[in-house]
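Coordinate inspection notes
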There are 2 protein chains.
Amino acid sequence: MKDELNIFYRIFTTTKDAIEKFMNMLDPVIQNAKDEHERLYYHHIYEEEEQRLSRLVELIPLISKFEKENDEKIFSPANNEFNRLLQELNLEKFGLHNFVEHLDLALFTFTDEERSTLLNQLRDVSYQDYLQVKEMLNKINERFDHDYVDPHAHHDKHYDHLARLGSSPIIKQPNKKKGFTVGSLK
Amino acid sequence: MKDELNIFYRIFTTTKDAIEKFMNMLDPVIQNAKDEHERLYYHHIYEEEEQRLSRLVELIPLISKFEKENDEKIFSPANNEFNRLLQELNLEKFGLHNFVEHLDLALFTFTDEERSTLLNQLRDVSYQDYLQVKEMLNKINERFDHDYVDPHAHHDKHYDHLARLGSSPIIKQPNKKKGFTVGSLK
Ligand SMILES: [Fe+2]
Ligand SMILES: [Fe+2]
């Protein structure tokens, strides 16, 4: 569990930093929106990422706290706080998924080299991190075999469409998704 | 607390139904999207609402369970499950907020009478329900004065821009928001 907590910590501090970069990119776009529709569109994405940021500000210290625990009994479904951690991690799996899509949507309109380079970097890291979080949570849930049932598990099949080939935006190719396994991740 | 649980139950069963109506509206739009950008855009909103629906499927029975409790001691921050309920309700306050914005965004493009009539109905109910959830949670948090600190409280100031006048889409008018109070709600 300790190794996994280390990775969760790394992933969620990385994505917290990525949110801030993305929000900084959105800010002038919102300020200079050409109409109310465009303003609302970017402002809405900005707020969703801001909500995610607020949650991560709570989650990251919770991960840290569990990382420091030496008693393996702590990592048990009998421990309410550990259950809460797993639930929050599950929620942030979806947060990462949605972030990848926010970046993909931005890539359609922010096509200048500076912004698209940054967006592509953030996108690729976030997508790999999303896959890794998903895989780790599946394994943890199996291992503990506790009462907690992932309320979103039946949706996961939908989320594989995030896979893309090369640098093109999201491509829905059910036949390709099998090529993406955690084994292929660094 | 029982009266509030009744209202939460009513609000979240109503919004669950509203999500389903909205998803049914989005489905053909996704199928017939003119390009990948349009498809991703509506599919993304569809998925966010689907995630919310999955959470509500868990939350609604939890509200029901607490509604049936006769021992007031259950409604205490010392009770982990009650704390979890408050956290979930807080998350769904933001879920309702984001839903209002999804409806507002849809109103910009689904301008035919049939869809815009339904969207406006859903929008008005959801906005009132969002305000009421927010107000009730503020009062509950004050009343219990427990350890739980709303991680999003500092964002609430941003969320008042949802207020609008008449049937026009979202208007950011800080001076108007004072006209909306829970006292004015049905
Ligand atoms: Fe979004
Ligand atoms: Fe959204």
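What you see is a predicted model, and the numbers here were worked out from it, not measured in a lab. (Residues numbered from 1 in each chain as written. Chains lettered and ligands numbered in written order. Predicted model: local features only at pLDDT ≥ 70, side-chain atom pairs only at ≥ 80, totals over all residues. Heavy atoms only, no water.)

Okay, the overall build of chain A next. In terms of helices and strands, chain A carries four helices and zero strands. Shown N-terminal to C-terminal, the secondary structure of chain A runs as helices and strands in the order α-α-α-α. Counting every position in chain A, which comprises 186 residues, the buried fraction comes to 54%. Pairs at least 24 residues apart make up 74% of the contacts formed inside chain A by residues separated by at least 6 positions. For chain A, the computed accessible surface area is about 8800 Å², with 50% contributed by carbon and sulfur atoms. (Helix = DSSP H or I, 4+ residues; strand = E, 2+ residues; numbered from the N terminus. Buried < 20%, exposed > 50% of the residue type's maximum accessible area, 1.4 Å probe, protein only. Contact = heavy atoms within 4.5 Å. Areas by Shrake-Rupley, 256 points an atom, 1.4 Å probe, with all protein chains shown as cover.)

Take the coordination of the iron ion (ligand 2) next. On the protein side, the iron ion (ligand 2) has H44(A) (NE2), E48(A) (OE), E48(B) (OE) and H102(B) (NE2) as donor atoms, found 2.1 Å from it. Taken together, the four donor atoms surrounding the iron ion (ligand 2) define angles of 82 to 169 degrees at the centre, an arrangement classified as irregular. A separation of 3.1 Å is found between the iron ion (ligand 2) and the iron ion (ligand 1), both of which receive a donor from E48(A). Pair noted here: E48(A) is in helix 2 (residues 36-67) and E48(B) is in helix 2 (residues 36-67), and the two residues belong to different chains. Looking at E48(B), the relative accessible area reads 9%, which means it is buried. (Donors = N, O, S within 2.8 Å, 3.2 Å for Na, K, Ca; no water. Tetrahedral: all angles 85-135°; square planar, octahedral: opposite > 155°, others 65-115°.)

A few words now on the packing of aromatic side chains. Aromatic rings considered in pairs are described by the distance between their centres and by the relative angle of their planes. By the definition in use, this model includes 15 aromatic pairs over all chains. Judged by centre distance (5.4 Å) and plane angle (50 degrees), the rings of Y41(A) and Y41(B) are tilted. In this pair, Y41(A) is assigned in helix 2 and Y41(B) in helix 2, connecting two distinct chains. No difference in accessibility class separates Y41(A) from Y41(B), as the two residues are buried. Between Y42(B) and F110(B) the ring centres are 5.5 Å apart and the planes differ by 25 degrees, which places this aromatic pair in the stacked class. (Phe/Tyr/Trp six-rings, centres within 6.5 Å; stacked < 30°, edge-to-face > 60°.)

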